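Chain by chain, the residues:
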2 protein chains.
Amino acid sequence: MKSLEGKNVFVTGGAGFIGSNLVEALVEKGAHVTVYDNLSSGKIEFIDKFRKRKDFAFVKADLLDVEKLNAAMHGKGIDLVMHLAANPDISLGTKVTDLDFKQGAVATYNVLEAARKSDVKEFAFSSSSAVYGIATVKPTPENYGPLAPISLYGASKLASEGYVTAFSHLFGISYCIYRFANVVGKNSTHGVIFDFVRKLSANPKELLVLGDGNQRKAYIEVGDCADAMLSIYERSNERENLFNLTTRDQMQVSDIANEVVNRFAKNAKIKYTGTKQGWPGDVPDTFLDGKKMESMGVKLKFKTSRDAVMNLIDIVAKTRK
Amino acid sequence: MKSLEGKNVFVTGGAGFIGSNLVEALVEKGAHVTVYDNLSSGKIEFIDKFRKRKDFAFVKADLLDVEKLNAAMHGKGIDLVMHLAANPDISLGTKVTDLDFKQGAVATYNVLEAARKSDVKEFAFSSSSAVYGIATVKPTPENYGPLAPISLYGASKLASEGYVTAFSHLFGISYCIYRFANVVGKNSTHGVIFDFVRKLSANPKELLVLGDGNQRKAYIEVGDCADAMLSIYERSNERENLFNLTTRDQMQVSDIANEVVNRFAKNAKIKYTGTKQGWPGDVPDTFLDGKKMESMGVKLKFKTSRDAVMNLIDIVAKTRK
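Residues numbered from 1 in each chain as written. Chains lettered and ligands numbered in written order. Predicted model: local features only at pLDDT ≥ 70, side-chain atom pairs only at ≥ 80, totals over all residues.

## Quick look at the interface of chain B and chain A
Worth spelling out the cut-off: The contact criterion used here is simple: two residues whose C-beta atoms, placed from the backbone, lie within 7 Å are in contact. Strands here mean DSSP runs of E at least two residues long; helices mean DSSP runs of H or I at least four residues long; both are numbered from the N terminus. All amino acids are sorted into three groups, where Ala, Val, Leu, Ile, Met, Phe, Trp, Tyr, Cys and Pro are nonpolar, Asp, Glu, Lys and Arg are charged, and the leftover types, Gly among them, are polar.
Listed by partner, the interface residues are 32 residues for chain B and 32 residues for chain A. Mapped onto the side of chain B that touches chain A, the elements with two or more residues apiece are helix H5 (99-117), helix H6 (152-171) and strand S11 (240-245) of chain B. Counted by class, the side of chain B that touches chain A contains 18 nonpolar, 11 polar and 3 charged residues.

## A few points about the relation of the copies chain B and chain A
The cut-off we apply is this: Copy-to-copy alignment: least squares on C-alpha atoms, limited to residues at pLDDT 70 or above in both.
Superposition of chain B onto chain A requires a rotation of 180° combined with a translation of 0.0 Å along the rotation axis, giving an RMSD of 0.0 Å. Within this description, the copies of the chain are treated as partners about a two-fold rotation axis. When each C-alpha of chain B is compared by its distance to the rotation axis, B:Ala159 comes out closest, at 1.9 Å. Mapped onto chain A, 100% of the interface residues of chain B again fall at the interface, so both copies present the same surface.

## Things to note about the sheet that holds strand S3 (residues 56-60) of chain B
Residue and element names in this part refer to chain B. Formally: The pairing criterion for strands is at least two bridges between them, as found by DSSP. Inter-axis angles, ranging from 0 to 180 degrees, are taken between N-to-C directions of lines fitted to C-alpha atoms, where helices are fitted over the stretch in contact.
On the basis of which strands lie adjacent, the open sheet formed by 7 strands has the order S3-S2-S1-S4-S5-S6-S11 and parallel pairing. Each edge of the open sheet carries a strand with a single partner, namely S3 and S11. Strand after strand, the sheet turns through a mean of 15° between neighbouring axes, direction not considered. As judged from the 4 bridges shared by strand S4 (residues 80-83) and strand S5 (residues 122-128), these two strands associate in the parallel manner. Across the sheet, the residue bridging to methionine 82 is alanine 124, located in S5. Each of strand S1 (8-12), S4 and S5 is contacted by H5, which is oriented at about 175° to S4, the strand it contacts most. On the sheet, helix H8 (residues 222-235) packs against S5, strand S6 (174-180) and S11 and is oriented at approximately 155° with respect to S11.

## Observations concerning the sheet that holds strand S1 (residues 8-12) of chain A
All names here are of chain A. The strand order S3-S2-S1-S4-S5-S6-S11 describes an open sheet built from 7 strands, whose pairing is parallel. What marks the edges here is a single partner per strand, and that holds for strand S3 (56-60) and strand S11 (240-245). This sheet shows a mean twist of 15° between the axes of neighbouring strands, independent of strand direction. Bridge analysis of S1 against strand S4 (residues 80-83) gives 4 bridges, and the strand direction is parallel. Residue pairing for S4: threonine 12 is matched across the bridge by histidine 83. On the sheet, helix H5 (residues 152-171) packs against strand S5 (122-128), strand S6 (174-180) and S11 and is oriented at approximately 160° with respect to S5.

## Focus on helix H1 (residues 17-28) of chain B
All names here are of chain B. Counted only if it meets this: Given the number of residues in a helix, its expected span is that number minus one, multiplied by 1.5 Å. Each residue is classed by its C-beta neighbour count within 10 Å, where at least 20 other C-beta atoms makes it buried, 12 or fewer makes it exposed, and intermediate counts make it partly exposed; the C-beta atoms are placed from backbone geometry.
The first and last C-alpha atoms of H1 sit 17 Å apart over 12 residues, in line with the 16 Å expected at 1.5 Å per residue. Burial analysis of H1 places 9 of its 12 residues in the buried class, the great majority of the element. In the segment just after H1, glycine 30 is the residue with positive phi, at about 85°.

## Here's the deal with the domain arrangement of chain A
Residue and element names in this part refer to chain A. Note the cut-off: The split into domains, and so the bounds of each, comes from an automatic or database assignment of domains.
Partitioning chain A into structural domains gives domain 1 (8-183 + 220-245) and domain 2 (186-217 + 249-286 + 301-320). Look at where the C-alpha atoms of domain 1 and domain 2 centre, and you get two points 26 Å apart. Listed by partner, the interface residues are 24 residues for domain 1 and 15 residues for domain 2. Looking at the side of domain 1 that touches domain 2, the elements that each hand over two or more residues are helix H1 (17-28), strand S10 (219-221) and helix H7 (222-235). Taken together, the residues that form the side of domain 1 that touches domain 2 break down as 11 nonpolar, 10 polar and 3 charged.

## Brief notes about the confidence of the model for chain A
Any residue range with low pLDDT should be treated as having predicted coordinates unsuitable for detailed reading. Short version of the rule: Note on scores: pLDDT gives the predictor's confidence for each residue, bounded by 0 and 100.
In the predicted model, chain A carries a mean pLDDT of 96, and 100% of its residues have values of at least 70. Across the predicted assembly, pTM comes out at 0.97 and ipTM at 0.96.

## Comments concerning the packing of helix H2 (residues 66-73) of chain A against helix H4 (residues 99-117) of chain A
Residue and element names in this part refer to chain A. To keep things clear, this is the line we draw: Orientation is classified from the angle alone, with under 35 degrees giving roughly parallel, over 145 giving roughly antiparallel, 65 to 115 giving roughly perpendicular, and any other angle giving oblique. Each crossing gets its handedness from the near helix: less than a right angle anticlockwise from the far helix is left-handed, clockwise is right-handed.
Packing of H2 against H4 brings their axes to within 9 Å, and their N-to-C directions diverge by 40°. Between H2 and H4, the angle is such that the two are oblique. The way H2 lies across H4 gives a crossing that is right-handed. Within the contact between the two elements, H2 uses Val66, Leu69, Asn70 and Met73 and H4 uses Asn110, Ala114, Ala115 and Lys117. Considered class by class, the residues forming the contact of H2 with H4 number 5 nonpolar, 2 polar and 1 charged.

## Section: the environment of A:Asp195
Topologically, A:Asp195 is positioned in helix H6 (residues 192-202). Considered as a pair, A:Asp195 and A:Leu210 are 15 residues apart in the sequence and their alpha carbons are 9.9 Å apart.

## Some points on the pairing of strand S2 (residues 32-37) of chain B
Residue and element names in this part refer to chain B. How we decide: Orient the strands so they point away from the viewer; a crossover is then right-handed if the path from the first strand over the helix to the second runs clockwise.
Along S2, 6 of the 6 residues are buried, which leaves the element largely enclosed by surrounding structure. Note: S1 against S2, 5 bridges, orientation parallel. Directly across from valine 11, in S2, lies its bridge partner valine 35. Crossover handedness for the path S1 to H1 to S2: right-handed.

## As for the nonpolar core
To keep it simple, the criterion reads: By convention in this section, buried Ala, Val, Leu, Ile, Met, Phe, Trp, Tyr and Cys residues joined through C-beta atoms within 7 Å make up a nonpolar core.
Membership of the largest hydrophobic core comes to 206 residues, with the highest contact counts inside it found for A:Cys225, A:Met229, B:Cys225, B:Met229 and B:Leu245. With residues near it in sequence (within four places) discarded, A:Met229 still touches A:Leu22, A:Ala124 and A:Tyr178.

## Some remarks on the environment of A:Gly16
Along the chain, A:Gly16 turns up in the loop between S1 and H1. With sequence-adjacent residues up to four places away left out, A:Gly16 is seen in contact with A:Asp37, A:Ser41, A:Gly42, A:Leu84 and A:Pro88.

## Observations regarding unusual backbone geometry
Glycine aside, a negative phi is what most residues show, and trans is what most peptide bonds show. Here the residue pair A:Gly145 and A:Pro146 is connected by a cis peptide bond, since its omega of -5° sits within 30 degrees of zero. Tracing the backbone through its elements, the reader meets A:Pro146 in the loop between S5 and H5. Geometrically, the link from B:Lys138 to B:Pro139 is a cis peptide bond, its omega value of -5° lying close to zero. Secondary-structure assignment places B:Pro139 in the loop between S5 and H6. Non-glycine residue A:Leu39 carries a positive phi angle of around 60°. Secondary-structure assignment places A:Leu39 in the loop between strand S2 (32-37) and S3. With 14 C-beta atoms packed within 10 Å, A:Leu39 lands in the partly exposed category. Even without being glycine, A:Asn187 reaches a positive phi, approximately 70°. Looking at the element boundaries, A:Asn187 is found in the loop between strand S7 (182-184) and H6.

Now the structure itself:
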């Protein structure tokens, strides 16, 4: 088993939703962490508590700024790069068509190049179930093909995966690629539950849900997600690692809408726009196979999609009190 | 069956090896062709014979020049974009690490964006067996996964595929993605046979082969490849098309070396560098499943990899007389 204690870990997007939870898990394991984040969606308060530590550094900069990126990594003895930075708003990427390309494919390429130049030998990448597109096999295993993403977010994740595997092979870098289910939990700042709560705040009498309510997705709690990332990293002896990170089931959007309404605005009427997809590029039915992850001994605290979603609803309810 | 007659077809890389053969096939079918090529590896003499035609246009420009690209496509009533431009030198892409990223991922993104802006509704893309990386299933079918390319060329092809499928879904563009075996034949300017002949010209007594000679690859003749592309386009009624284009077998590098030596320098001694790969990023054993292609009624003139390779050796022999 590899240890993270004393390792120099460089986390892109480390002030973001998943990144900040990952940084917390890394710090607990005794890793020295450098967060590289442009704070476009990340928040400084998510990592504030680490900033007084000697073994923690924060660089506010963009991954498209190659000079700053190289300077942040070079000569720092980085052991492991964990690349999480990305545009978090999948539907926005449909309107601003170069957003995911730049923040996804180009950014990942830049991080890999910087890692290569700084002789980093380990790389972890947060990919997504979005690479599968509309999969015909469910639950979808890691070896599913062909991969035909339907969003520019998914395309950018697939592009990034390809560069990770190629850099790995060519330059002797070991990798963990994690394909996330929908991640929910602490420090979350976007997604379906937030949308619902925001809409109900504006109009407590009605909740308009994008889609027909039948979209079903797999959810995973963000702490579980971060723990699974590190635990797979620690336990794997392989150079090439590809894992779905997911609970073993799905939760339906109409079900989430009901739970949110129950909690925040009991009298609200739920209406549906009626389309099959919530938005262009939305995969209405995501269900990932988690057997490979489980075979590594990963155990989730929030075992079902419902557990993970309800936990976020609890968090939001507390914040609003 | 769709007809290409009178269709406005925009071919990137149309002055290149495969591109120029494709343009010939398109012209024969009565398509109006615009070639967009920066002539970095393409050659004007490959398309010279078409330039007097009224229904043919040539634009010498780079795909990274978005302004010229948009101008070349916009308002021209383009029905179908066939995107073939790419860096043809896979091993060079290992040394100049941003070459394939720019000429692959970025260029493809630019072409898709230009097509979207010009309201083009059909897109064809020349992908490669390189997307499969070191596949464990052989012959490798289109639905093989996970895709883990080992060259930056392969990564760029995979990245491009992802953007093609996402643009298709989001903006109502139908697509044909073709994953080529090693393409050989007329207008070829690089590759193993050329390398061998070049080496033998410099030293007719010895041929140093990169690798241990055991690399085995699937080859397809370029005319067959171009015909297969068009024939699948014409015959498919699907919006999403993904096809391996290949013969049904492989030819070993040592076998090719023997044939080249027999033809050009009978007394040369063949030596091997002895590595398993010919170069970093080389996939030593590529064998594609061609059943899907055959199910569309595609028939190859050069039925085996050997037929395709021997045809190129014949062509080279003729040129040297």
